[in-house]
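Residue-level structural notes
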Amino acid sequence: MPQRARALERKGSHVVLLALSSESAAPAATMQRGQRKGLSMIGTFSRRFMGVLALTAAIGLAILPVEAAEKKDFKVAWSIYVGWMPWGYAADSGIVKKWADKYGINIEVKQFNDYVESINQYTAGAFDAVTVTNMDALSIPAAGGVDTTAVIVGDFSNGNDAVILKGNDKLAAIKGQNVNLVEFSVSHYLLARALESLKLAEKDLKVVNTSDADMAAAYKTADVTAVVTWKPIVSTILETPGAKKVFDSAQIPGEIIDLMAGNTEVLKDNPNFGKALAGIWYDTMAALGKGTEAKEAMAKASGTDLKGFEEQLATTKLFSTPADAVAFTTGADLKKTTERVSTFLFDKALLGKDAKSAGAIGVEFPDKSVFGDKANIKFRYDASFMKAAADGKL
């Protein structure tokens with residue numbers, strides 16, 4: 001059965017939602033599921049494909065209000081990516097049930113093979129919480145008007161994403177080249193940050209929109225000399241003689257963040273749901289740190305082996321303790337990152353057609369300070385559930 005994809009066609013100031021079959025859509029312009037196994041296609045690609053689909057929730061879905069009242073049944077959506085595999089393991093191993101039972105609630109944890117669809121379903125009100133990156137939380141539910149709260153700050157990319165040049169080990173050599181990447185994705189953001197380090201801009205090169213399914217093969221062709229992508233594709237390309245990594249996400253630590261985010265009103269009316277999510281995450285982190293059983297299960301579920309999974313974990317900064325997560329979430333750097341990310345999204349017209357500035361969507365931090373429009377706060381970082389875990393008060 002063909003999977004479906006959505007793409008945004010931009011014509012001047014108009015954005016048109018297209019529903020396309022993945023069998024007929026051009027791979028560079030639409031989301032292609034492909035046949036590649038493991039993290040490279042099922043989770044890693046879709047997790048990072050933020051731009052082409054960034055406004056589908058706002059313009060292509062009927063957004064239904066999540067019932068904002070005390071309730072007993074909750075639904076959580078997650079998709080396959082190294083930093084989110086703990087949620088699937090928690091459901092399979094009984095950790096989810098343990099914490100749901102503790103608070104007298106029911107939590108259904110559903111895996112999506114299509115990451116963007118999971119966010120769209122959350123935005124439409126079908127789910128109470130979802131695994132999402134900081135950028136996508138802003139550009140999809142928040143831009144679509146759904147007030148969303150980051151409950152768990154789980155990890156950030158610390159080398160999973162990289163800029164690779166052919167036959168040159170200096171980033172400066174990228175000037176004037178064609179650069180292949182998934183347009184408007186985390187790769188696009190990484191390129192912007194890399195260029196900033198050289199005091200260059202995107203006008204100093206040409207971005208070539210390329211599906212991640214085609215990236216490794218494209219690199220082997222003579223006319224492709226620069227790519228920006230993520231693991232495990234990075235690892236595959238770097239096996240090629242002459243391939244040089246010249247910039248990676250370890251040089252912008254804490255900017256590409258993976259979250260478990262929930263509907264703000266649902267969390268407000270049902271704080272035990274947030275507490276259960278925190279308990280689930282940190283119990284699973286404890287299991288991950290004991291031997292290889294949990295890692296092997298997560299590796300198998302994600303379509304790779306233990307070695308491949310550990311290689312990706314090595315360049316993923318997991319917040320395995322709540323104290324570390326609280327320190328990160330309450331730190332000043334997160335505010336700077338939020339401004340950078342919002343600026344990138346605004347520059348690419350991904351904050352909505354009515355956005356007049358990078359601060360069009362207000363983002364609230366644990367100290368109640370706000371970046372952007374205080375009258376339009378639609379995304380929040382809440383450290384209270386993680387702090388409760390750190391203080392042993394779950």
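In the block above lies the structure referred to throughout.
This report concerns the structure included in the present document. (Residues numbered from 1 in each chain as written. Predicted model: local features only at pLDDT ≥ 70, side-chain atom pairs only at ≥ 80, totals over all residues. Heavy atoms only, no water.)

**Some remarks on the overall build of the chain**
Per the secondary structure count, the chain includes 16 helices and 16 strands. With 394 residues in all, the chain has 55% of them scored as buried. Carbon and sulfur atoms make up 51% of the accessible area of the chain, which totals about 15,900 Å². (Helix = DSSP H or I, 4+ residues; strand = E, 2+ residues; numbered from the N terminus. Buried < 20%, exposed > 50% of the residue type's maximum accessible area, 1.4 Å probe, protein only. Areas by Shrake-Rupley, 256 points an atom, 1.4 Å probe, with all protein chains shown as cover.)

**As for the nonpolar core**
The biggest cluster of nonpolar side chains holds 105 residues, and the ones touching the most others in it are I174 and Y381. The element that contributes the greatest number of residues to this core is helix α11 (residues 271-288), accounting for ten residues. Core analysis: the next-biggest nonpolar cluster, separate from the first, contains 14 residues, A162, V182, V227 and I233 among them. (Core = buried A, V, L, I, M, F, W, Y, C linked by side-chain atoms within 4.5 Å.)

**Describing the pairing of strand β12 (residues 257-263)**
Taken across its seven residues, β12 has seven buried, putting it largely inside the fold. Pairing of strand β5 (residues 129-133) with β12, which is carried by five bridges, proceeds in the antiparallel orientation. Its bridge partner being in β12, T133 is matched across the sheet by D258. (Pairing = 2+ DSSP bridges.)

**A few points about the packing of helix α3 (residues 85-93) against helix α12 (residues 293-301)**
Where α3 contacts α12, the axes come no closer than 9 Å and their chain directions differ by 110°. Viewed along their axes, α3 and α12 adopt a mutual orientation that is roughly perpendicular. On α12, the residues touching M85, P86 and Y89 of α3 are A294, A297, M298 and A301. For the contact of α3 with α12, the class distribution of residues is seven nonpolar, no polar and no charged. (Axes fitted to C-alpha atoms, helices over the stretch in contact; angles between N-to-C directions. Parallel < 35°, antiparallel > 145°, perpendicular 65-115°, else oblique. Contact = heavy atoms within 4.5 Å. Nonpolar A, V, L, I, M, F, W, Y, C, P; charged D, E, K, R; others polar.)

**Overview of the packing of aromatic side chains**
Overall, the coordinates contain twelve aromatic pairs when judged by the stated rule. Where F379 meets Y381, the ring centres are 5.0 Å apart and the plane angle is 75°; that geometry is what we call edge-to-face. Its relative accessible area of 1% is what places F379 among the buried residues. Taken together through their ring pairs, the aromatic side chains of Y81, W84 and Y115 make up a single cluster. The side chain of K102 reaches across the aromatic face of Y103, ending 5.7 Å from its centre. (Phe/Tyr/Trp six-rings, centres within 6.5 Å; stacked < 30°, edge-to-face > 60°. Lys NZ or Arg CZ within 6 Å of the ring centre and 35° of its normal.)

**Remarks on the pattern of salt bridges**
Tallied over the full model, the rule gives 16 salt bridges. R380 is paired through a salt bridge with D147; the nearest N and O atoms lie 2.7 Å apart. Placement of R380 in strand β16 (residues 377-381) and of D147 in the loop between α6 (134-142) and β6 (148-157) is noted, with a sequence separation of 233 residues between them. Between E202 and K348 there is a salt bridge, with the nearest N and O atoms lying 2.8 Å from each other. With E202 in the loop between α7 (186-197) and β9 (206-209) and K348 in the loop between α15 (332-347) and β14 (362-364), this residue pair connects regions lying 146 residues apart in the sequence. Residue classification places E202 among the partly exposed positions, given a relative accessible area of 29%. Under the relative-accessibility criterion, K348 is labelled buried at 19%. Three or more residues are tied together by salt bridges with common partners; here these are D147, E364, K368 and R380. (Salt bridge = Lys/Arg side-chain N within 4 Å of Asp/Glu carboxyl O.)

**Brief notes about the pairing of β5**
Across the five residues of β5, five count as buried, placing the element largely inside the fold. As defined by bridge partners, strand β3 (residues 73-79) adjoins β5 across two bridges and the pair is classed as parallel. Opposite A77, over in β5, you have V130 as the bridge partner.

**Re unusual backbone geometry**
Residues K231 and P232 are joined by a peptide bond in cis, for which omega reads 5°. Even without being a glycine, A349 presents a positive backbone phi close to 60°. Along the chain, A349 falls in the loop between α15 and β14. For A349, a relative accessible area of 41% corresponds to the partly exposed category. Backbone geometry at K368 places phi at a positive 75°, although glycine is not the residue there. As for its position among the elements, K368 is in the loop between β14 and β15 (370-371).

**Quick word on α11**
With 18 residues, α11 extends 26 Å from end C-alpha to end C-alpha; this agrees with the ideal 26 Å at 1.5 Å per step. Counting buried residues in α11 gives 13 out of 18 residues, a clear majority hidden from the surface. (Expected span 1.5 Å × (residues − 1).)

**Details of the side chain of T315**
Its place among the elements puts T315 in the loop between α13 (306-314) and β13 (316-318). A polar contact is formed between the side chain of T315 and the side chain of K231, at a distance of 3.2 Å. Not counting residues within four places of it along the chain, the set of residues in contact with T315 comprises S157, N158, G159, N160 and K231. (Polar contact = N/O pair within 3.5 Å; in protein donor to acceptor, adjacent residues only side chain to side chain.)

**Brief notes about helix α5 (residues 115-123)**
With eight of its nine residues buried, α5 lies for the most part within the structure. For α5, the complete set of buried residues consists of Y115, V116, E117, S118, I119, N120, Y122 and T123. With a side-chain oxygen positioned 3.2 Å from the backbone nitrogen of V116, the residue opening α5 is D114. Trailing α5 by a residue or two, G125 shows a phi angle of about 95°, which is positive.

Read these as layout, nothing more, since geometry by itself doesn't imply function.
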